[in-house]
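Read off the chains here:
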Amino acid sequence: MSVSAFIQRVALRLSVATALLSGVAAAQDVGFDARTGVFLEPSKTSRMRVITPQVSLSATPWDFITVNGGYAADVVSGASESVKAGASFRDSPDIVSAASVHDVRQVGSGGIVLHKEHTDIGAQYAYGTENDYRSQSFTATAGTDFFQRNTKLEIAFGHGQDSVCDLADNRVQAPTARQALDQSKGCFTSDPTRRKLAVSTDNFQGAWTQSWTPVFATQVVLTGAVQEGFLSNPYRSVVIGPSGEVAQEHHPSDRSRGAAALRLRYFIRPLDAAIGFGVRAYRDTWDIVSQTYELDVEKSMTSFLRLQLRGRYYKQTGAVFWSDDYTGGEPVHGPRGQYFSGDREVSPLKNLLVGARVTAAFHGRPGARVGHLFMDFESSLSLSLLQTYLDDFTWAGRQPDDTTAWILGGSISATF
């Protein structure tokens, strides 16, 4: 189980509305889940589309053990600007030209969870491939509940060991002379023009979920991560000289992160609805500080149909080495020490997400299964709009037009 999947699992335990509307679920022998998402940036200059199909299967042959396996993919197509320049290159079309992007990332995973009364201990392994990246991760989880199952504590540790492709010539070049990778052809082969660089990640998480009353629950989540290795984008170049000299993006080779989140959920009996609120604070050693606020409302429309409305606001500062123009002068623009970046995700920014999800859930019982086959069956459709506001990021002095994205999601899950 990946750390992100673990977070989702913990969040699901917080849903008082689901518990109140559905009752306590019995142990299931087999569970199936299939979902997909479509991320679309309808930009005129760098249109991007990402399709993310996923499927997972779990089985509990005995009460003390559950085994699971899954497959996920990211199918990416579109275009992306490959050279970051400041306002001094506003009239240079070659600087802001876009490059075609086509890639498929595939990840297979499998794991096991041991059950002992109120305690679960699990382990998960995942391996992923794409044209220019290889990833493998191991995650260990443990959780227990007590006080009549009103209190739950969970911890997780994950280690990832990845490999990224780069130009072999960059091995002997100074950072300011390194060139960006132009294509993935030859990566992870005997091609002498390519090299393999390592990236390691250690993730830590602790969560405390508490049901204070039958209609009110809270959750506190603490997370931390340590990354080491090649943390830049091998395809991205940055203009670092007044005459247009470019070099491959150069980030620090280590990064530590920490975050704390608080989530609240309250069920409003007269309205047969639940309201949730969350806040999260984050900081890392690149001096990025962020805050996130989330609000959602979920209401039962019928005995089987639920509607959820969701909003999220996010704001962050820029990395200590961030500059929109590394050829400019201090203090607003210009060099920031030995590092330079073209990644807008390390620049000051804000984004706002609003969305809705419709879920249809059907619950059966022995002798009266849903469709004569399922103990439980659930399907959902969601649509979200993500708008990003860049405070200090331009493509050669021009405002990017890829700051709006639509996210469409769908899922089907069943237990037998």
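This text goes with the structure placed above it.
What you see is a predicted model; the values in this text were computed from it and never measured.

Conventions we followed
Residues numbered from 1 in each chain as written. Predicted model: local features only at pLDDT ≥ 70, side-chain atom pairs only at ≥ 80, totals over all residues. Heavy atoms only, no water. Helix = DSSP H or I, 4+ residues; strand = E, 2+ residues; numbered from the N terminus. Buried < 20%, exposed > 50% of the residue type's maximum accessible area, 1.4 Å probe, protein only. Areas by Shrake-Rupley, 256 points an atom, 1.4 Å probe, with all protein chains shown as cover. Phe/Tyr/Trp six-rings, centres within 6.5 Å; stacked < 30°, edge-to-face > 60°. Lys NZ or Arg CZ within 6 Å of the ring centre and 35° of its normal. Core = buried A, V, L, I, M, F, W, Y, C linked by side-chain atoms within 4.5 Å. Contact = heavy atoms within 4.5 Å. Pairing = 2+ DSSP bridges. Salt bridge = Lys/Arg side-chain N within 4 Å of Asp/Glu carboxyl O. Polar contact = N/O pair within 3.5 Å; in protein donor to acceptor, adjacent residues only side chain to side chain.

A. Molecular detail of the overall build of the protein chain. Secondary structure assignment for the protein chain yields 2 helices and 20 strands. Sorting the 416 residues of the protein chain into buried and exposed places 40% on the buried side. As presented, the protein chain carries roughly 21700 Å² of accessible surface, and 60% of it is formed by carbon and sulfur atoms.

B. Summary view of the packing of aromatic side chains. Overall, the coordinates contain 13 aromatic pairs when judged by the stated rule. On the basis of an interplanar angle of 70° and a centroid distance of 6.2 Å, the ring pair of tryptophan 208 and tryptophan 212 is categorised as edge-to-face. Here the aromatic residues Trp286, Phe321 and Tyr339 are joined through ring pairs into a cluster of three or more. A cation over an aromatic ring shows up here: arginine 255 above the ring of tryptophan 286, its NZ or CZ 4.1 Å from the ring centre.

C. Broad picture of unusual backbone geometry. Its identity as a non-glycine residue notwithstanding, phenylalanine 147 has a phi of 55°, on the positive side. Position of phenylalanine 147 relative to the elements: it lies in the loop between β8 (133-146) and β9 (151-167). The exposure class assigned to phenylalanine 147 is exposed, which follows from its relative accessible area of 61%. Here aspartate 272, not a glycine, exhibits a phi torsion of approximately 55°, which is positive. Judged by its relative accessible area of 29%, aspartate 272 is partly exposed.

D. Just the nonpolar core, in detail. In this structure, Trp286, Ala319, Trp322, Tyr326 and Val346 are the most contacted members of the largest nonpolar core, which totals 22 residues. Not counting residues within four places of it along the chain, the set of residues in contact with tryptophan 322 comprises Lys84, Arg336, Ser341, Gly342, Asp343, Val346, Ser347, Pro348, Asp392 and Phe393. Membership of the second largest hydrophobic core comes to 5 residues, among which are Ala85, Phe89, Val239 and Ala396.

E. Local environment of the pairing of strand β17 (residues 305-316). Where strand β16 (residues 289-300) and β17 come together, 11 bridges link them in antiparallel fashion. Bridge pairing in β17 places lysine 299 opposite leucine 307. Taken together, β16 and the strand that follows it, β17, pair antiparallel across an intervening segment of 4 residues. Relative to strand β18 (residues 349-363), β17 runs antiparallel, the two sharing 12 bridges.

F. Local environment of the side chain of serine 237. By secondary structure assignment, the location of serine 237 is in strand β12 (residues 237-239). We classify serine 237 as buried; its relative accessible area is 9%. For serine 237, the residues in contact, after removing those within four places along its chain, are Ser82, Val83, Lys84, Ala180, Val246, Ala247, Gln248 and Glu249.

G. The arrangement of the pairing of strand β11 (residues 216-229) in detail. One ladder, built from 14 bridges, connects strand β10 (residues 194-213) with β11; its direction is antiparallel. Of the residues in β11, the one forming a bridge with threonine 201 is glutamine 227. Between β10 and the antiparallel strand that follows it, β11, lie 2 residues. In this structure, β11 lies alongside strand β14 (residues 254-268), joined through 13 bridges in antiparallel fashion. By the bridge assignment, alanine 225 is partnered in β14 with arginine 257.

H. Spotlight on the sheet that holds strand β13 (residues 246-248). Taken in spatial order, the 3 strands line up as β5-β12-β13 in an open sheet, and their pairing is mixed. The open sheet terminates on both sides in strands that have one partner only, identified here as β5 (83-84) and β13. Alignment of β12 against β13, held across 3 bridges, turns out to be antiparallel. Looking at the pairing, valine 239 lines up with valine 246 of β13.

I. Representation of the pattern of salt bridges in the model. Counted under the stated rule, the structure contains 19 salt bridges. A salt bridge links aspartate 33 to arginine 35, with the shortest nitrogen-to-oxygen separation between them at 2.9 Å. Taking relative accessible area as the criterion, aspartate 33 reaches 17% and is therefore assigned buried. The exposure class of arginine 35 is partly exposed, given its relative accessible area of 36%. We note a salt bridge from aspartate 145 to lysine 152, for which the minimum N-O separation is 3.9 Å. Here aspartate 145 matches lysine 152 in class, with each residue buried. Within this structure, Glu41, Arg344, Glu345 and Asp402 form a network of salt bridges that share partners.

J. Fine view of the environment of serine 100. Mapped onto the fold, serine 100 is located in strand β6 (residues 98-116). Since its relative accessible area comes to 57%, serine 100 is described here as exposed. In sequence terms serine 100 and methionine 48 are 52 residues apart; their C-alpha atoms lie 9.7 Å from each other. Those residues in contact with serine 100 that sit more than four places away from it in its chain are Gly78 and Ala79.

K. Quick peek at the side chain of arginine 194. Tracing the backbone shows arginine 194 in strand β10. At 3.5 Å, the side chain of arginine 194 forms a polar contact with the backbone oxygen of glutamine 183. There is a polar contact of 3.2 Å between the side chain of arginine 194 and the side chain of threonine 193. Not counting residues up to four positions away in its chain, the partners in contact with arginine 194 are Cys165, Asp166, Leu167, Ala168, Leu181, Asp182, Gln183, Lys185, Gly186 and Cys187.

L. Here's a closer look at the environment of serine 137. Looking at the secondary structure, you find serine 137 in strand β8. For serine 137, a relative accessible area of 25% translates into the label partly exposed. Measuring from C-alpha to C-alpha, the distance between serine 137 and aspartate 202 comes to 9.5 Å, with 65 residues separating the pair along the chain. Ignoring any residue separated from it by four or fewer positions in sequence, one finds serine 137 in contact with Gln124, Tyr125, Ala126, His159 and Gly160.

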